[in-house]
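Analysis of the macromolecular model
Below, each chain spelled out in residue letters.
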Amino acid sequence: MKLTIVMYHYTRDLTHSRYPAIKGLDAELFREQIAFLKEHFTVVTMEEVLDCLEGRYELPEHALLLTFDDGYIDNYTLALPVLEENRLQGSFFIPGKTFAEHKLLDVNKLHYTLAAAEPEILYRELLAKLDYYRGREFDFPSNEELIAQYAVPNRFDTGETIFVKRMLQTVLPERLRKRISSELFAEYVNVSEEQLAYELYMSEEQIRLMKRHGMFIGVHGYDHYWLGNLPDDQMREDIQRALTVMDEFIDRKRWVMNYPYGSYNDGVLKYVGSEGAAAGLITKVAVADLDTCAPLELPRLDCNDFPPKSENYKNISRSEG
Ligand SMILES: [Zn+2]
């Protein structure tokens, strides 16, 4: 049984937001896209997918699941009304820290910094900072080595942007990442982190309302870490913290995991499975085949792979045979 899972992040009205350059799907495009998906697919609920994985339900042909990562407030203000209007369910994956502490996730600190400054300028400034910090308190490879390994463009970003992202998301030692991220944020973004966190994420009450309106709420870690790169005890601690603050919204015996950055390993799979995860979402680009896929590793397509953004989804389903 095939299932196309679509992944969304921001669904904001970009032209009116504080940083119009930030990446995301515009509200009007989102509305158009939902109309397209409704016409060409059958949108199913997460509960139906879980029933199917447990062998108690057959998905319709051209089944499609809508997923939203990171708990952004525009999921509530813009996506929810469109979904309700169309009588569709969305599944929302919310990092615990965003509503429990109102702290900015590192990933968003980085998004806002990247949106506020030219990638080439950030790239050069980051290289200078690496030279400054290297050997002082921290040890890491030379700029030449790092560039050769990480400044590699992908289908969305230039080499410079990828380099800045990789360095500040995962490559540098955690304490240094946090320090440089905060320095760059303070330098280029003219708003405090706390203020931005309140503007950016859904509140607990809004999440409650989403659930009451039939939306599915799932787990996306606590601190939005690359779980596959963490030592075992820290990985477990992050997932436990997430499960604790999400308790009201999830079924502890049948919850759904969405690995931040699509990062996981065998240890992560084993742990979330033992804690009651019934399904897991990854970022590998493919149409899921529920008869053959591991339930904790379901691949997804990006919303940019569908009209009105592109027709990529056609090639992706074809290449899957
Ligand atoms: Zn995320």
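The text that follows walks through the structure, step by step, so that each part is easy to find.

Scoring rules and cut-offs
- Residues numbered from 1 in each chain as written.
- Predicted model: local features only at pLDDT ≥ 70, side-chain atom pairs only at ≥ 80, totals over all residues.
- Heavy atoms only, no water.
- Helix = DSSP H or I, 4+ residues; strand = E, 2+ residues; numbered from the N terminus.
- Contact = heavy atoms within 4.5 Å.
- Donors = N, O, S within 2.8 Å, 3.2 Å for Na, K, Ca; no water.
- Buried < 20%, exposed > 50% of the residue type's maximum accessible area, 1.4 Å probe, protein only.
- Axes fitted to C-alpha atoms, helices over the stretch in contact; angles between N-to-C directions.
- Parallel < 35°, antiparallel > 145°, perpendicular 65-115°, else oblique.
- Nonpolar A, V, L, I, M, F, W, Y, C, P; charged D, E, K, R; others polar.
- Core = buried A, V, L, I, M, F, W, Y, C linked by side-chain atoms within 4.5 Å.
- Salt bridge = Lys/Arg side-chain N within 4 Å of Asp/Glu carboxyl O.
- Phe/Tyr/Trp six-rings, centres within 6.5 Å; stacked < 30°, edge-to-face > 60°.
- Polar contact = N/O pair within 3.5 Å; in protein donor to acceptor, adjacent residues only side chain to side chain.

1. Section: the environment of Val44
- Along the polypeptide, Val44 turns up in the loop between strand S2 (42-43) and helix H2 (46-53).
- The spacing of Val44 and Gln89 is 45 residues in sequence and 7.3 Å in space, taken between C-alpha atoms.
- Excluding residues within four positions of it along the chain, Val44 makes contact with Leu3, Val49, Leu59, Pro60, Ala63, Leu64, Leu65 and Gln89.

2. Quick word on the coordination of the zinc ion
- At 2.0 to 2.1 Å from the zinc ion lie its protein donor atoms, namely Asp70 (OD), His220 (NE2) and His224 (NE2).
- Read in sequence order, the donor residues coordinating the zinc ion give the pattern D-x149-H-x3-H. As far as the burial class goes, His220 and His224 line up, both buried.

3. Some points on the side chain of Gln206
- Relative to the assigned elements, Gln206 resides in helix H11 (residues 204-212).
- With a relative accessible area of 18%, Gln206 lands in the buried category.
- In this view, Gln206 contacts Ile73, Tyr76 and Tyr201; residues no more than four positions away in its chain are not counted.

4. Comments concerning the packing of helix H6 (residues 119-133) against helix H7 (residues 143-150)
- At their nearest, the axes of H6 and H7 sit 11 Å apart, and the two run at 135° to each other. In terms of their interaxial angle, H6 and H7 are classed as oblique. Along its contact with H6, which presents Tyr123, Leu127, Leu130 and Asp131, the element H7 presents Asn143, Leu146 and Ile147.
- Split by residue class, the contact of H6 with H7 holds 5 nonpolar, 1 polar and 1 charged.

5. Brief notes about the nonpolar core
- Tyr8, Leu66, Leu83, Trp255 and Val272 are the most contacted members of the largest nonpolar core, which totals 51 residues.
- With 5 residues, the single largest contributor to this core is helix H12 (residues 232-246).
- Those residues in contact with Leu66 that lie beyond four places of it in its chain are Val6, Tyr8, Ile34, Leu37, Val43, Leu83, Leu88, Gln89, Gly90 and Ser91.

6. Focus on the pattern of salt bridges
- By the definition in use, this model includes 27 salt bridges.
- In this structure, Asp69 engages Arg300 in a salt bridge whose closest nitrogen and oxygen atoms are separated by 3.0 Å. Here Arg300 lies in the loop between strand S8 (288-289) and strand S9 (301-302) and Asp69 lies in strand S3 (residues 63-69), a separation of 231 residues in the sequence.
- Overall, Arg300 belongs to the buried group, its relative accessible area being 0%.
- Note that Glu205 and Arg212 form a salt bridge whose closest N and O atoms lie 3.8 Å from each other.
- Among the charged side chains, a network of salt bridges with common partners joins Asp106, Lys109, Glu174, Lys178 and Glu193.

7. Points about the packing of aromatic side chains
- Scanning all chains against the criterion turns up 15 aromatic pairs.
- Aromatic side chains Phe99 and Phe249 sit 6.1 Å apart centroid to centroid with 80° between the ring planes, which places their arrangement in the edge-to-face category. Pair noted here: Phe99 is in helix H4 (residues 96-100) and Phe249 is in the loop between H12 and strand S6 (255-258), with a separation of 150 residues, a long-range link.
- Ring plane angle 15° and centroid distance 4.3 Å describe the contact between Trp226 and Tyr261, whose orientation is recorded as stacked. In this pair, Trp226 sits in the loop between strand S5 (216-219) and H12 while Tyr261 sits in the loop between S6 and helix H13 (266-274), placing the two residues 35 residues apart along the sequence.
- The class for Tyr261 is partly exposed, based on a relative accessible area of 23%.

8. Considering the environment of Glu311
- Here Glu311 is to be found in the loop between S9 and helix H14 (312-319).
- Given a relative accessible area of 42%, Glu311 falls into the partly exposed group.
- With 92 residues separating them along the chain, Glu311 and Val219 place their C-alpha atoms 30 Å apart.
- One polar contact links Glu311 to Lys314, side chain to side chain, over a distance of 2.9 Å.

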